[in-house]
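# Structure at a glance
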Amino acid sequence: MYAHLVQWHAKRVEKLNGLAKDALDTLWWPFTQHEMVKKDMVAVIDGRSQDDFVIYDQKTETVQHRFDAAASWWTQGITGDKANESLHRALMHACGRYGHVMFPENAHVPALEAAKGILNGPAKTWGKRVFFSDNGSTATEVGIKMAFRQRYVNLGLLSKDGIERAEQANDANVLNALPKLRILALDGSYHGDTLGAMDMQSPSIFTGSLQTPWYEPRGLFLNAPTIGLKNQKWTVECAEELVVAKGSGQTSSTAAVVLDRFENKADVFDVKKRKASSAAARYQALIDSVLDNAERLGKSGEAPEIGGLIMEPVLHGAGGMILIDPLFQSILMQKCKERKIPVVLDEVFAGIWRLGVEGAWELLDYETPDISCYAKLLTGGLVPMAATVTTEEIFDSFYGPGKPQALLHGHSYTAYPIGCAVAAQALKVYTDETMNPNLSFSSSSSFTSSSTTTSISHFSRRRLLLRCLSSFIVAKFLRGLNRFDPKKCIFPAVVWRFVSNG
């Protein structure tokens with residue numbers, strides 16, 4: 001037995017020692033310039049333990065724990081043996097009982113439990129229907145398809161009646177008369193890397209001709225006001241121009257205007273109270289002006305009609321971890337609803353407790369969307385899965401006789417039982433105090449403890465711009481910090497303090 005274990009371990013070490021080179025010769029990593037990656041830069045991950053990677057060190061032939069600071073692209077949200085074991089059991093049960101089964105016109109327990117978990121959780125009070133897909137990018141594309149159909153109905157171009165709409169679906173004159181639509185979105189937002197999702201984003205290095213010659217920015221992009229902790233003040237800033245200069249992805253003026261300053265975070269996120277402020281009046285006037293002009297251009301044919309609003313609530317993740325003023329987003333949603341423009345929230349990053357609330361829309365004075373997209377934390381970081389949630393009104397715009405007016409979209413692994421089972425269990429874990437210690441807000445280890453809040457405020461004086469909310473903190477060096485002295489760097493100590501305090 002001992003000899004067998006020694007032999008097994010020797011083979012394992014041999015494989016680990018060759019893994020970095022094999023990876024460089026075989027793999028194509030996302031968002032990576034391989035020319036810049038050397039062998040000693042490749043982290044060989046031998047496992048995961050709680051919030052840490054278990055990294056194999058070839059020099060010492062030992063493993064080391066390293067904190068997964070980005071939560072593996074923000075998919076991880078469940079720690080603790082009991083919680084993780086419950087996800088593993090759910091996965092293994094679904095794997096053994098179902099494997100995979102096709103979904104159209106079929107039903108299985110995991111799909112219904114996952115759907116009800118979403119409707120009673122992050123989409124509570126407004127969600128009625130759940131469409132499953134396989135990742136956040138496809139979830140947003142499905143959402144835009146839904147929004148555009150509803151927009152046609154709202155504009156009176158398609159009938160609200162399913163029977164009449166079935167006739168229109170076979171009428172070439174009606175179909176040919178439907179105008180092209182564009183999206184209303186925020187500059188710097190990110191909705192995925194599939195072709196349709198990229199067209200919903202303003203021009204950037206990720207959408208340029210080197211990435212896809214097909215890219216065409218099909219949107220009206222707005223410069224959203226941002227918030228950050230600067231010199232111990234929560235500061236709201238915005239660009240001088242609300243609309244991004246066409247085709248550039250840049251504002252016509254880079255100057256930032258300070259709209260407001262607050263002593264504490266609670267005041268920034270008291271959106272109901274702030275709606276009586278001068279900032280709210282400014283937002284309302286700017287948004288009305290932009291939408292009025294967009295409506296004029298749409299009617300004259302100078303530009304496509306606005307087909308829907310899509311935005312990441314409160315936090316632009318891949319766009320740079322930028323906090324967006326929730327007052328602006330709440331008012332923007334209200335104004336769109338007044339004009340019958342469907343609202344799509346991309347909660348792939350920010351939803352399901354990532355920002356301390358179950359649905360990120362709750363931070364927008366509980367302004368509810370027509371459609372919302374979920375992924376990442378949906379399955380506790382164990383398997384890929386996504387869902388697009390809608391109101392019944394959106395569903396009804398596809399309901400009626402004849403297949404042409406149905407939502408003709410799907411994936412081979414739509415609602416695969418393994419993913420659904422894990423999602424259903426993960427949504428339970430998040431609200432179970434016996435498995436989720438973060439629900440114990442009175443605990444001294446809570447991220448929102450007064451000592452941690454004081455520390456964050458203190459760090460903001462060190463020529464930094466801090467953005468922090470619930471489960472994340474981002475620090476950005478401000479201009480004027482001429483050199484970086486690792487001996488004086490505060491970040492290792494800061495990170496360790498936050499990690500040790502949960």
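Criteria and cut-off values
Residues numbered from 1 in each chain as written. Predicted model: local features only at pLDDT ≥ 70, side-chain atom pairs only at ≥ 80, totals over all residues. Heavy atoms only, no water. Helix = DSSP H or I, 4+ residues; strand = E, 2+ residues; numbered from the N terminus. Buried < 20%, exposed > 50% of the residue type's maximum accessible area, 1.4 Å probe, protein only. Areas by Shrake-Rupley, 256 points an atom, 1.4 Å probe, with all protein chains shown as cover. Salt bridge = Lys/Arg side-chain N within 4 Å of Asp/Glu carboxyl O. Core = buried A, V, L, I, M, F, W, Y, C linked by side-chain atoms within 4.5 Å. Contact = heavy atoms within 4.5 Å. pLDDT = per-residue confidence, 0-100. Pairing = 2+ DSSP bridges. Axes fitted to C-alpha atoms, helices over the stretch in contact; angles between N-to-C directions. Patch = residues over 30% accessible without salt bridge, like charges linked within 9 Å, V, L, I, M, F, W, Y side chains within 5 Å. Expected span 1.5 Å × (residues − 1). Arc of directions from axis to C-beta.

## Digging into the overall build of the chain
Scanning the chain for helices and strands turns up 16 helices and 17 strands. Taken over 502 residues, the chain has a buried fraction of 46%. For the chain, the computed accessible surface area is about 26100 Å², with 55% contributed by carbon and sulfur atoms.

## What about the pattern of salt bridges?
Oppositely charged side chains may form a pair once their charged atoms are brought near each other. Under the defined criterion, the tally for this structure stands at 21 salt bridges. For D25, the salt bridge identified is with K21, shortest N-O distance 2.7 Å. Of this pair, D25 and K21 both sit in helix 1 (residues 2-26), 4 residues apart, which is roughly one turn of that helix. Residue D25 is classed as exposed on the basis of its relative accessible area of 55%. For K21, a relative accessible area of 46% gives the class partly exposed. Between D68 and R48 there is a salt bridge, with the nearest N and O atoms lying 2.9 Å from each other.

## Digging into the nonpolar core
Core analysis: the largest hydrophobic core is formed by 85 residues, its most contacted members being I118, F132, L184, L222, F328 and L332. Among the elements that line this core, the one with the most residues is helix 14 (residues 417-430), at 10 residues. Among residues more than four places away in sequence, those in contact with L184 are L220, L222, L291, I306, G308, L309, I310, L332 and C336. By size, the runner-up hydrophobic cluster in this structure holds 21 residues, among which are A185, C373, I394 and F398.

## Side note on the confidence of the model for the chain
Do not read the fine detail of predicted coordinates wherever pLDDT is low. With 85% of its residues at a pLDDT of at least 70, the chain reaches an overall mean of 87. Scored below 50 in pLDDT, residues 247-253 shows 14 contacts in the model against residues more than four places distant or in partner chains. Here residues 477-488 scores under 50 on pLDDT; set against residues more than four positions off or in separate chains, the count is 11 contacts.

## Let's talk about the pairing of strand 8 (residues 233-239)
In terms of residue burial, strand 8 counts as a mostly covered element, since 6 of its 7 residues are buried. Pairing of strand 7 (residues 226-230) with strand 8, which is carried by 5 bridges, proceeds in the antiparallel orientation. Within strand 8, the position partnered with K230 by the bridge is K233. Counted between consecutive antiparallel strands, the loop separating strand 7 from strand 8 contains 2 residues, among which N231 sits at a positive phi close to 55°. The pairing of strand 8 with strand 9 (residues 256-262) spans 6 bridges and is classified as antiparallel. The residue of strand 9 that forms the bridge with E237 is V258.

## Quick word on the sheet that holds strand 1 (residues 44-49)
If you walk across this open sheet you meet the 3 strands as 1-2-3, and the pairing is antiparallel. Lying at the two open borders of the sheet, with one neighbouring strand each, are strand 1 and strand 3 (62-67). Between one strand axis and the next, the sheet turns by 35° as a mean value, whatever way the strands run. Of the pairings in the sheet, the one linking strand 1 to strand 2 (residues 52-57) comprises 5 bridges and is antiparallel in character. Directly across from S49, in strand 2, lies its bridge partner D52. Lying over the sheet, helix 1 contacts strand 1 and strand 2, oriented at roughly 115° with respect to strand 1.

## A short note on a nonpolar patch on the surface
On the surface, F31, W73, I205 and F206 cluster together into a nonpolar patch covering about 510 Å² of accessible area. Inspection of the secondary structure puts F206 in the loop between helix 8 (195-199) and strand 6 (219-222). On the accessibility criterion, F206 (43% relative accessible area) is partly exposed.

## Considerations on the sheet that holds strand 14 (residues 371-374)
Strand order across the open sheet formed by 7 strands is 4-15-14-13-10-5-6, with mixed pairing between neighbours. Two strands lie at the open edges of the sheet, namely strand 4 (129-133) and strand 6, each paired on one side alone. On average, each strand axis in the sheet is inclined to that of its neighbour by 20°, with strand direction left out of account. As paired elements, strand 10 (residues 305-311) and strand 13 (residues 343-346) share 3 bridges and run parallel to each other. Opposite L309, over in strand 13, you have V343 as the bridge partner. Of the strands in this sheet, strand 5 (181-186), strand 6, strand 10 and strand 13 touch helix 12 (residues 326-338), which is tilted by about 150° from strand 10.

## As for unusual backbone geometry
Look at K340: it is not a glycine, yet its phi comes out positive at around 60°. Relative to the assigned elements, K340 resides in the loop between helix 12 and strand 13. Phi at W353 is positive, roughly 75°, even though this residue is not glycine. Within the secondary structure layout, W353 lies in the loop between strand 13 and strand 14. According to the relative accessible area criterion, W353 is partly exposed, its value standing at 26%.

## Some remarks on helix 3 (residues 81-97)
Along its 17 residues, helix 3 runs 24 Å from first to last C-alpha, staying within 8% of the 24 Å computed at 1.5 Å per residue. Buried within helix 3 are the following residues: A83, S86, L87, A90, L91 and A94. Within helix 3, the buried residues cover an arc of 130° as seen down the axis, which keeps them to one side. Turned more than 90 degrees away from the buried face of helix 3 sit D81, R89, M92, H93 and G96, all of them exposed. Each element contacted by the buried residues of helix 3 is listed here: helix 14. Backbone geometry just downstream of helix 3 places G99 in the positive-phi region, at approximately 65°.

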